[in-house]
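Residue-level structure breakdown
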Amino acid sequence: MINTVPAVLALAAFVPLASAHIAFWDKSMYGFNVTQQDYSYDNRPVTPLVGYTFDQWWFHGHLDHPPLPGDTFDLPAGGTINSQLSCDKGATVWYNSSSGGDAGYGSNWPCPGQQSSQFHTTGIDDVMGCALAIAYKGNGSEVQPDDFTIFSVNQTCVWYLNTEFAVPAEMPACGPEGCTCAWFWIHSDKSGAEQMYMNGFSCNVTGATGTTPIGKSMLPRRCGADSDQNEAANPGNCTIGPKLPMYWMQAEGNNMNEGYYMPPVYNDIYGFHDGAQDDIFQDAYVSSLGASQPGVVPSATAAANRRAEIPEPVVTPPPASLVRRHKRTLAHEHSH
Ligand SMILES: *[C@@H]1O[C@H](CO)[C@@H](O)[C@H](O)[C@H]1NC(C)=O
Ligand SMILES: *[C@@H]1O[C@H](CO)[C@@H](O)[C@H](O)[C@H]1NC(C)=O
Ligand SMILES: *[C@@H]1O[C@H](CO)[C@@H](O)[C@H](O)[C@H]1NC(C)=O
Ligand SMILES: *[C@@H]1O[C@H](CO)[C@@H](O)[C@H](O)[C@H]1NC(C)=O
Ligand SMILES: *[C@@H]1O[C@H](CO)[C@@H](O)[C@H](O)[C@H]1NC(C)=O
Ligand SMILES: *[C@@H]1O[C@H](CO)[C@@H](O)[C@H](O)[C@H]1NC(C)=O
């Protein structure tokens, strides 16, 4: 495992580890049958990603556990898909291949029998959203971090085991080998240690009528109101257009530098509206710079978003007020 964990993460060591976390469960996923015994560390699909090397976090380290040929997740253009997000494969329709068997299949609660703290949420007001990304490459081993584009967001995630995602109507067809997708989630800072989630899966767009390819994805930017940080909305700072997934809190390969107490999240705070991301078939621009001309990429924007080198996380000390709040959170968790 990793020894070079930023000092502030040492705090996390005092937070009791939740026994359950979340994965996107489907036979099309990488790591579908991975159990606690398959790696030298617990690399089940549900385990959170934090402080990992690139190979450990990318596709959850499961590229050697691809789905069976033909097991792809269909994405009907303009339609809706249902995803199953759960602490336990045994609570999903796939329970028949779970080592523990049926563990509450039929419930719409992500972690049957357990509290929402098990999926890092203090309540439905504290959900931060999760997202699906697509890369137009059929072989997951060939997908690079910049190949992904977030095409759908559900801001009520994670709250329901069955979480729907709307597929943009204009999604073009995949090539003969299909596409590769991934589920991403970063939870609120109020329930448990900070971390990132990623599960990859094989996917394919069906019923496509659009032929315009997805534009070049850029980094999301903070631009929505965030009452927790006392920040007003700043729409002019939004990245409009295709956006990358947010890679955060790892030992390498991050593309977001946000500190420990400011998790980058898949909702309006980072310019991700709820539902299908219909603005991805154009190049990205920051709204204040090119709003009147979609498709035009001002060079300043390209420069602002350029990701030539992957910066290491800059862990800035949080304001004292946040430290106090977090200490209370920790004390609260200790008392349980
Ligand atoms: C997962 O396990 C089930 C049964 O245990 C098996 O039928 C299926 O083929 C396996 N899938 C993969 C991708 O290994
Ligand atoms: C397990 O359940 C899945 C989902 O219902 C089904 O597709 C699959 O055929 C089942 N596998 C076995 C071995 O019964
Ligand atoms: C997928 O890509 C990897 C890396 O390029 C390659 O080694 C592998 O053979 C490819 N798999 C298939 C099924 O083409
Ligand atoms: C998010 O998922 C919930 C539960 O499945 C669903 O009711 C809701 O419509 C979804 N929201 C979007 C924007 O797709
Ligand atoms: C993807 O879906 C299209 C449209 O249904 C189909 O023609 C194609 O064979 C599928 N590709 C794969 C790799 O499943
Ligand atoms: C604009 O976005 C950048 C990148 O997310 C962020 O660092 C900055 O604080 C934001 N500025 C404002 C004024 O919101």
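Notes on the structure follow. (Residues numbered from 1 in each chain as written. Chains lettered and ligands numbered in written order. Predicted model: local features only at pLDDT ≥ 70, side-chain atom pairs only at ≥ 80, totals over all residues. Heavy atoms only, no water.)

Comments concerning the site of ligand 5
Near ligand 5 the following residues occur: P176, E177, G178, N204, V205 and T206. The side chain of N204 places a nitrogen or oxygen atom 2.3 Å from an oxygen atom of ligand 5. (Near = heavy atom within 4 Å. Polar contact = N/O pair within 3.5 Å; in protein donor to acceptor, adjacent residues only side chain to side chain.)

Focus: the packing of aromatic side chains
Counted according to the given criterion, the structure contains 26 aromatic pairs. Between F119 and W159, the ring centres sit 5.9 Å apart and the planes meet at 65°, which makes this aromatic pair edge-to-face. Here F119, found in the loop between β3 (80–86) and β4 (130–135), pairs with W159, found in the loop between β5 (149–154) and β6 (162–166); they are 40 residues apart in sequence, far enough to count as distant. Residues F119 and W159 agree in their burial class; the two are buried. Through successive ring pairs, a cluster of aromatic residues spans Y30, F54, W57, W58, F59, F148, F184 and Y247. Looking at K89, its charged tip hangs above the ring of F32, at a distance of 3.6 Å from the centre. In this structure, K243 is placed above the aromatic ring of F272, and the distance from its NZ or CZ to the ring centre is 5.3 Å. (Phe/Tyr/Trp six-rings, centres within 6.5 Å; stacked < 30°, edge-to-face > 60°. Helix = DSSP H or I, 4+ residues; strand = E, 2+ residues; numbered from the N terminus. Buried < 20%, exposed > 50% of the residue type's maximum accessible area, 1.4 Å probe, protein only. Lys NZ or Arg CZ within 6 Å of the ring centre and 35° of its normal.)

Digging into the site of ligand 2
Every residue near ligand 2 is listed here: V93, W94 and N96. At a separation of 2.5 Å, an oxygen atom of ligand 2 approaches a polar side-chain atom of N96. Isolated, ligand 2 exposes 360 Å² of accessible area, and the fraction of that covered by the protein chains is 33%. (Areas by Shrake-Rupley, 256 points an atom, 1.4 Å probe, with all protein chains shown as cover.)

Here we look at the sheet that holds β5
As summarised here, the arrangement of the 6 strands in space is β2-β8-β7-β4-β5-β10, forming an open sheet in which the pairing is mixed. Whereas interior strands pair on both sides, the edge strands pair on one side only; in this sheet they are β2 (73–76) and β10 (275–276). Taken together, the 4 bridges between β2 and strand β8 (residues 197–206) define a ladder with parallel strand orientation. Within β8, the residue paired with L75 across the bridge is V205. (Pairing = 2+ DSSP bridges.)

Concerning the state of the cysteines
The final tally for this structure, using the stated rule, is 5 disulfides. Linked covalently through their sulfurs, C174 and C179 form a disulfide whose S-S length is 2.1 Å. Looking along the S-S bond of the C174-C179 disulfide, the torsion reads about -115°, which is the left-handed sense. Residue classification places C174 among the buried positions, given a relative accessible area of 14%. Classification of C179 as buried rests on a relative accessible area of 0%. Disulfide pairing places C181 opposite C203 at an S-S distance of 2.1 Å. (Disulfide = S-S within 2.5 Å.)

Re the pattern of salt bridges
Tallied over the full model, the rule gives 8 salt bridges. For D126, the salt bridge is made with K190, and the minimal N-O distance between the two is 3.9 Å. Placement of the pair is D126 in the loop between β3 and β4 and K190 in the loop between β7 (179–185) and β8, with a sequence separation of 64 residues. Using a relative accessible area of 28% as the deciding quantity, one classes K190 as partly exposed. Here R222 makes a salt bridge to D226, at a shortest N to O gap of 3.0 Å. When its relative accessible area of 16% is taken as the criterion, R222 is described as buried. What emerges from the salt-bridge pattern is a single network uniting D126, K190 and D228. (Salt bridge = Lys/Arg side-chain N within 4 Å of Asp/Glu carboxyl O.)

Interpretation note: all reported values are geometric properties and have no functional meaning in isolation.
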